[in-house]
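Fold and contact review
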Amino acid sequence: MQIFTSQILENDYSFNCLKHNSHFTMVVTEQNFKSEDRLQCANCWNSNQTGLHAIPFLTFMERIKEQQNSFCQNLNMIILKNLSIIDQLKVSINSIKTQLNQKLKDCEEKISLWNQQLIELGDKNSKYSIHDEVERFIQNESKVDYLLGLTRAIKELNYDYSNKIQLQLNNVMDSTQYRNCQQYLLDINQMDSDDIIESGTLIQSNIKNDVRKKPLCQVHNQEIIYVDSDKDIDVELRTSCLKCNRRNGDNLDDFLKKWESYSQEGKRYLRDQFQKLKFQVERQNNELISIRTELCQIIDKKIKQNNEMLKTSYDKQFQSIQELNYQLNHQGLKESALKLSKQESVEFCVQNINEDYQVLTSKINRILHRLDQTQKVTLQDFKAIKLEEITSFSQNNNPKEAADQSCFAVAFNKSDQIMISGSGSSIKTWLFNNGQLVEIDTFEAHDDNISCLVFSQHSNSFISGSMDFTIKIWKEKSLLKWESSQAFLEHTDFISCLILSQNEDFLFSGSYDRTIRVWKLDFRVNSLQQVQCLESHTNLVFCLSINSSESQLVSCGQDQQIILWEKGNGNQWNFKQKVEQSIQDLGFRIQFISDTQFIWINKGSKGCLCFFELENGLFIEKQNKQINLGEDDCEDKDFFPIQYNNQRNVVVIKHRKSIYIYKKEEDNNITLLSNIQIFDNPEFYGQLTNDGKYLVATYKVQTKNQSQFITMQLNYY
């Protein structure tokens, strides 16, 4: 589709020489010619001196036309791309307008019905029969009781209609079209026109080579033929013509080629930086949308709860007034009792509302604080970390209950306020506040030890893997209470590792049965469905990691292999590469720290942290970056995977008895910030909180048959 076509402004008469009234035949390309003298007819050209650089007029016009057509083609592509997004925005806005009109129309209809029912209620109850009133008086029936009942009916009517209208209004701004409009506005502001142009079909003009402006030496006014780019040369001496009698540097054409290459590299670098910035902006926008949704859900939930509380309070108030009124009617204290009952109920209601408001405010502040911390943390925020022990806590102090309290896994919910831990075949839940642990509950989960736990970052659901070969999903059914799915049994040996996709619609599990299984996950209904089984390892699978773009998966195991998997069409994963490694040893831990780089640690007595980077589509080990972690006779234990916190760019690595904390630098290298030995035993496990402030480690105290938790605070300097 062409909106704009190339059009020339001048008419045919403009291409005639004014002196000789004949058509132009040549275009002079000499630098020192005036613009009005460049176009010459045959008579003008013949009368000029020879040796001038020139191009035939018709040839020049053809090239100009090609260049202009190419320009218009790319202009059309850019305009059409913008118009496409604007059209989508227009469609979404019209859809919102239609929805809004419909919602408001529905609201108007409900208000009319509301109004009509109130009038009918008033009209019906304002009429009375003298016979009924005489009978009521004889029976000593209070008119106040009847009025209270009528007031209750009005309240219920108001509550029903106000909730319906509130729901209609809330649905307008929470619609898909509303979110689409926000995305279209973001897309049109972030559009990269350079990519559109480069993806189009361009007709490269060769006029540039013919009419390139010749740079002249400022001293001799002669064409420059050499350019010296040495850093120690004065600016005045960098260029030279033949009369300068200098032959230093590159020939002008060679220099221009170098400059063009340099410019292209700079352009690619700037584009890469722009893409990184664009990714960060999109990620923060998604976080803001998530926080807005979460806030709206919290506020809507609290409004509903407060309305329910008011309704319940009113029901109790009505019942108590009826009882008091009946008891006090004969004492002539109806009015006083009614006021007293109302006052007590109002005070109780206000107190509950204030308490709920404080809880709601606290939740909102925590969300805003989390967003603020996310925005403030940058690569340059700290250069050192010191770990400070906050607390030590025993998981089970009752030896009678401690048949097997081994803890191999710990996980935190998205707000770091709830911690779960394995406790043999059971799961313990904890409140976590500024490093302090308060045990809440213990519930049976599996038939053997819990080996893996992973918490959802979108809800309070989590997943457990066990040495009984099964996986379970846990959904919060009420405050701090979880219900389990069925046990999903596809593996035939221990579950060794679990990782979630970012959208939490897929789960990846590794096992001692030598396989990696890919599952379709739905937290809403607590369901898992195996969609793929990856079988290239020949021995136990110990660890998995997926890159941030979720295009590549890497695994390692006891078969001394590092295997790379790549996502293809239909979310199917395919074997990509057996990664060559300089250390032939089994690997316990592996982790992507960028889309193009992962790290791996071997198990042997001489531990090494190895780096692998993407080159020409394959991952290659960078032996010059290898970090020696020292030698030790003790044997390392599995579980406790490498943890990379991308908010703080911190990498936490457990190896044998020590925990190493590294900072990831801008150049993709890492710097050791802290090395701490908490226990004199390699058999310990732990987890870093999502905000990177605390590290919880646990080990089994053999003499007491219980697990000990230690909380360390990470102080960033």
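Source: prediction; values computed, not measured.

1. Here's the deal with the overall build of the protein chain
The secondary structure content of the protein chain amounts to 9 helices and 35 strands. When the accessible surface of the protein chain is split by element, carbon and sulfur atoms take 50% of a total near 41,400 Å².

2. Looking at the sheet that holds strand β17 (residues 506-511)
Ordered in space as β16-β17-β18-β19, the 4 strands form an open sheet in which the pairing is antiparallel. The two strands at the open ends of the sheet, each matched to only one other strand, are β16 (495-500) and β19 (527-534). The mean angle between the axes of side-by-side strands here comes to 25 degrees, regardless of whether they run parallel or antiparallel. As paired elements, β17 and strand β18 (residues 516-522) share 5 bridges and run antiparallel to each other. Bridging from a neighbouring strand, F508 pairs with V518 of β18.

3. A closer look at the side chain of S501
Looking at where S501 falls in the secondary structure, it is placed in the loop between β16 and β17. What makes S501 buried here is its relative accessible area of 5%. Apart from the residues lying within four places of it in its own chain, the contact partners of S501 are F506 and E550.

4. Focus: the pairing of strand β31 (residues 658-664)
Here β31 lies mainly inside the structure; 7 of its 7 residues are buried. Bridging between strand β30 (residues 650-655) and β31 involves 6 bridges; their strand directions are antiparallel. Among the inter-strand pairings, V652 is bridged to a residue of β31, identified as I661. Taking the residues between adjacent antiparallel strands as the criterion, β30 and β31 are bridged by 2 residues, where R656 takes a positive phi near 50 degrees. Of the strand pairs in this sheet, β31 and strand β32 (residues 670-676) are connected by 6 bridges, and their pairing is antiparallel. Residue pairing for β32: K664 is matched across the bridge by I670. Counting the residues in the hairpin turn of β31 and β32 gives 5 residues, including N668, whose phi is positive at 70 degrees.

5. Digging into the nonpolar core
Counting residues in hydrophobic clusters, the biggest one holds 27 residues, and the most contacted among them are I385, L387, I659, I661, L695 and L714. Listed by contribution, the elements that provide at least two residues to this core are β7 (385-394), β30, β31, β32, β33 (684-688), β34 (694-701) and β35 (706-716). Not counting residues up to four positions away in its chain, the partners in contact with I661 are I385, L387, V650, V651, V652, T671, L672, L673, S674 and L714. C556, V579, I583 and W600 belong to the second-largest nonpolar core, a separate cluster that totals 15 residues.

6. Description of the sheet that holds strand β11 (residues 436-444)
Taken in spatial order, the 4 strands line up as β8-β9-β10-β11 in an open sheet, and their pairing is antiparallel. In this open sheet, the two edge strands, each paired with only one partner strand, are β8 (410-412) and β11. Neighbour to neighbour, the strand axes of the sheet diverge by 25 degrees on average, direction disregarded. Relative to strand β9 (residues 418-423), β8 is paired through 3 bridges, and the arrangement is antiparallel. Within β9, the position partnered with A411 by the bridge is I420.

7. Considering the UniProt feature "repeat: WD" (unreviewed entry) in the protein chain
Feature annotation in UniProt places "repeat: WD" (unreviewed entry) on residues 443-475, 488-522 and 534-566, given in this structure's numbering. As a span, residues 443-475 carries 0% helix and 55% strand, and end to end its C-alpha atoms are 14 Å apart. Between the end C-alpha atoms of residues 534-566 there is a gap of 11 Å, over a span that is 0% helix and 55% strand.

8. So, the packing of aromatic side chains
What characterises a pair of aromatic rings is the spacing of the ring centres plus the angle enclosed by the ring planes. Evaluated as defined, the whole model comprises 26 aromatic pairs. Both rings, one in F598 and one in F612, keep their centres 5.0 Å apart while their planes meet at 15 degrees; by these two values the pair is stacked. A residue pair is termed long-range when its members are at least 10 positions apart, and F598 in strand β25 (residues 597-602) and F612 in strand β26 (residues 606-615) qualify at 14 residues. Since its relative accessible area comes to 0%, F598 is described here as buried. For F612, a relative accessible area of 0% puts it in the buried group. Taken together, the ring pairs connect F443, F455, F462, W474 and W482 into an aromatic cluster. Above the plane of the ring of Y717 lies K386, whose end atom (NZ or CZ) is 5.7 Å from the centre.

9. Digging into unusual backbone geometry
Phi at E550 takes a positive value of approximately 60 degrees, unusual for a residue other than glycine. In this fold, E550 is placed in the loop between β20 (541-546) and β21 (552-557). Residue class for E550 comes out buried when judged on its relative accessible area of 14%. Although it is not a glycine, N571 sits at a positive phi angle of roughly 60 degrees. Among the secondary structure elements, N571 is positioned in the loop between β22 (562-567) and β23 (573-579). Owing to a relative accessible area of 36%, N571 belongs among the partly exposed residues under this scheme.

10. Focus on the environment of G587
Secondary-structure assignment places G587 in strand β24 (residues 587-594). The class of G587 is buried, set by a relative accessible area of 1%. Sequence-wise, G587 and Q561 are 26 residues apart; in three dimensions their C-alpha atoms are separated by 7.9 Å. Those residues in contact with G587, other than ones at most four positions away along the chain, are F542, C556, G557, W600, I601 and N602.

11. Describing the pairing of strand β10 (residues 426-433)
Counting buried residues in β10 gives 6 out of 8 residues, a clear majority hidden from the surface. Examined bridge by bridge, β9 and β10 share 6 bridges and lie antiparallel to one another. Considered in β10, the bridge of I418 is made with L431. Connecting the antiparallel pair β9 and β10 is a turn made up of 2 residues, with G424 showing a positive phi of about 65 degrees. In textbook terms, the turn of a hairpin is the stretch between consecutive antiparallel strands, and for β10 and β11 this stretch comprises 2 residues, one of which, N434, has a positive phi near 50 degrees.

12. Examining the pattern of salt bridges
Following the criterion strictly, the structure yields 12 salt bridges and no others. Where salt bridges share partners, they join R589, D636 and K654 into one cluster.

13. Topic: the environment of V454
Here V454 is to be found in strand β12 (residues 450-455). When its relative accessible area of 14% is taken as the criterion, V454 is described as buried. Separated by 42 residues in sequence, V454 and F412 have C-alpha atoms that sit 8.0 Å apart. Apart from the residues lying within four places of it in its own chain, the contact partners of V454 are A411, F462, I463, L498 and L500.

14. Focus: a nonpolar patch on the surface
A cluster of nonpolar side chains, namely Y128, I130, V134, F137 and I138, defines an oily patch on the protein surface of about 640 Å² accessible area. Counting through the fold element by element, I130 comes out in helix α3 (residues 130-138). According to the relative accessible area criterion, I130 is exposed, its value standing at 55%.

15. With respect to the confidence of the model for the protein chain
Averaged over all residues, the pLDDT of the protein chain is 80; the fraction at 70 or higher stands at 79%. Low pLDDT, under 50, characterises residues 200-211; the predicted model gives this stretch 19 contacts beyond four residues in sequence or across chains. Within the model, the stretch residues 375-380 combines pLDDT values under 50 with 10 contacts to residues more than four positions away or in other chains.

Parameters and conventions
- Residues numbered from 1 in each chain as written.
- Predicted model: local features only at pLDDT ≥ 70, side-chain atom pairs only at ≥ 80, totals over all residues.
- Heavy atoms only, no water.
- Helix = DSSP H or I, 4+ residues; strand = E, 2+ residues; numbered from the N terminus.
- Areas by Shrake-Rupley, 256 points an atom, 1.4 Å probe, with all protein chains shown as cover.
- Pairing = 2+ DSSP bridges.
- Axes fitted to C-alpha atoms, helices over the stretch in contact; angles between N-to-C directions.
- Buried < 20%, exposed > 50% of the residue type's maximum accessible area, 1.4 Å probe, protein only.
- Contact = heavy atoms within 4.5 Å.
- Core = buried A, V, L, I, M, F, W, Y, C linked by side-chain atoms within 4.5 Å.
- UniProt positions renumbered as here; feature names shortened; annotations may be inferred.
- Phe/Tyr/Trp six-rings, centres within 6.5 Å; stacked < 30°, edge-to-face > 60°.
- Lys NZ or Arg CZ within 6 Å of the ring centre and 35° of its normal.
- Salt bridge = Lys/Arg side-chain N within 4 Å of Asp/Glu carboxyl O.
- Patch = residues over 30% accessible without salt bridge, like charges linked within 9 Å, V, L, I, M, F, W, Y side chains within 5 Å.
- pLDDT = per-residue confidence, 0-100.

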